[in-house]
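# Understanding the architecture of this molecule
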Amino acid sequence: MEIIIQPDAEAATSVAARLIARLLSEKPNAVIGLATGSTPLRLYQELVGMKLDWRQVTTFNLDEYVGISPQHPQSYHSFMWDNLFGHINISVKNVNIPDGLANDIPGFCASYERKIIAAGGIDLQVLGIGTDGHIGFNEPTSSLSSRTRIKTLTPQTRKDNARFFGSEAEVPHHCLTMGIGTIMEARQILLLAFGAGKAKAIAEAVEGPITARNPASILQMHPVTKVCLDPAAASKLELQEYYRWVYEHKPVWQQL
Ligand code: F6R
């Protein structure tokens, strides 16, 4: 894991945006995995401002709530079109977001996995992290080799996400999410975390044991994972000074 601690969330986001811009210039038909939530909002704004060419890009979103329509204002479909897809030249047919209204949920999840493979696999997966260490909606104790499937949100995640809905009662109980095994097959992973609320989850994921109690800790086994943090999210890392030192001393050819 490469831990990149920047002076603030804006700077950490810029590192992530530059990495995605570089991927698109090297591989215009890249396959990108995307996340929703508060964390990537600034990243999407920055990507929109960069006016990149997305015509050949294919995207796969991590997750979607079960039981709400794509038109629901809090669906992840709405989130993605409002915050990214509606402002770039991506082709609608190349956008993939789990269908929260699928009748045959296991069948839909299996077809989502097949689509990722048919697209050539994910080149870069953007991730946020839950306060409990979830990635996608793979909550603690999720199988570390799981595939796309239905999951039950924890009471904590429903509480955390109530801010997007009118009340906690309106937050769905279930979601469809790429599995941890699915995420781990991405060639490159870019995890972003900002704010003190994420500090414990980040410290456990980066410096703790690999355990399904903190699903993000499996990223220690991924060969190309970058973790972009602001100082608050990094505040519980024991080796934070070392990570800063490493980043400052990167060989020129590795700099972002
Ligand atoms: C969303 C997702 C989740 C979020 C996580 C953090 O697609 O996969 O894992 O990244 O819940 O959410 P925020 O960014 O709102 O703190």
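Our structure's up above, just so we're on the same page.
One structure accompanies this document, and this report is about it. From a predicted model like this one, the values you see are computed outputs, not experimental measurements.

### Let's talk about the site of the ligand
Taken together, 14 residues lie around the ligand, and Thr 39, Asp 63, His 134, Gly 136 and Lys 198 are the ones closest in. Between an oxygen atom of the ligand and a side-chain N or O atom of Thr 39, the distance comes to 2.4 Å. Take Asp 63: an N or O atom from its side chain is 2.7 Å from an oxygen atom of the ligand. About the coverage of the ligand: the protein hides 94% of its 410 Å² of free accessible area. When grouped by side-chain class, the residues that make up the shell around the ligand number three nonpolar, eight polar and three charged.

### Digging into helix H9 (residues 240-248)
Within H9, burial applies to Gln 240, Tyr 243 and Tyr 247. One side of H9 carries all its buried residues, which in axial view fall inside an arc of 60°. Of the exposed residues in H9, the ones pointing more than 90 degrees away from its buried face are Glu 241, Tyr 242 and Glu 248. At its buried positions, H9 is contacted by strand E1 (2-5), helix H1 (9-26), helix H7 (199-207) and helix H8 (231-234).

### Some words on the packing of aromatic side chains
All chains considered together, the criterion is met by nine aromatic pairs. Ring centres of Tyr 65 and Tyr 76 lie 4.8 Å apart, and the angle between their planes is 45°; this geometry places the pair in the tilted category. Taken together, the positions of Tyr 65 in strand E4 (residues 63-65) and Tyr 76 in helix H3 (residues 76-83) put the pair eleven residues apart, joining distant regions of the chain. Here Tyr 65 and Tyr 76 have matching classes, each one buried. Seen from their ring centres, Tyr 65 and Phe 165 are 5.4 Å apart, and the 80° between their planes marks the pair as edge-to-face. Within this pair, whereas Tyr 65 is found in strand E4, its partner Phe 165 is found in the loop between helix H5 (155-161) and strand E8 (174-177), the two being separated by 100 residues in sequence. Accessibility expressed as a relative area gives 1% for Tyr 65, which makes it buried. Phe 165 sits in the buried class, given a relative accessible area of 8%. Put simply, the rings of Tyr 65, Tyr 76, Phe 137 and Phe 165 pair up and form one aromatic cluster.

What counts as what
Residues numbered from 1 in each chain as written. Predicted model: local features only at pLDDT ≥ 70, side-chain atom pairs only at ≥ 80, totals over all residues. Heavy atoms only, no water. Near = heavy atom within 4 Å. Polar contact = N/O pair within 3.5 Å; in protein donor to acceptor, adjacent residues only side chain to side chain. Areas by Shrake-Rupley, 256 points an atom, 1.4 Å probe, with all protein chains shown as cover. Nonpolar A, V, L, I, M, F, W, Y, C, P; charged D, E, K, R; others polar. Buried < 20%, exposed > 50% of the residue type's maximum accessible area, 1.4 Å probe, protein only. Helix = DSSP H or I, 4+ residues; strand = E, 2+ residues; numbered from the N terminus. Arc of directions from axis to C-beta. Contact = heavy atoms within 4.5 Å. Phe/Tyr/Trp six-rings, centres within 6.5 Å; stacked < 30°, edge-to-face > 60°.

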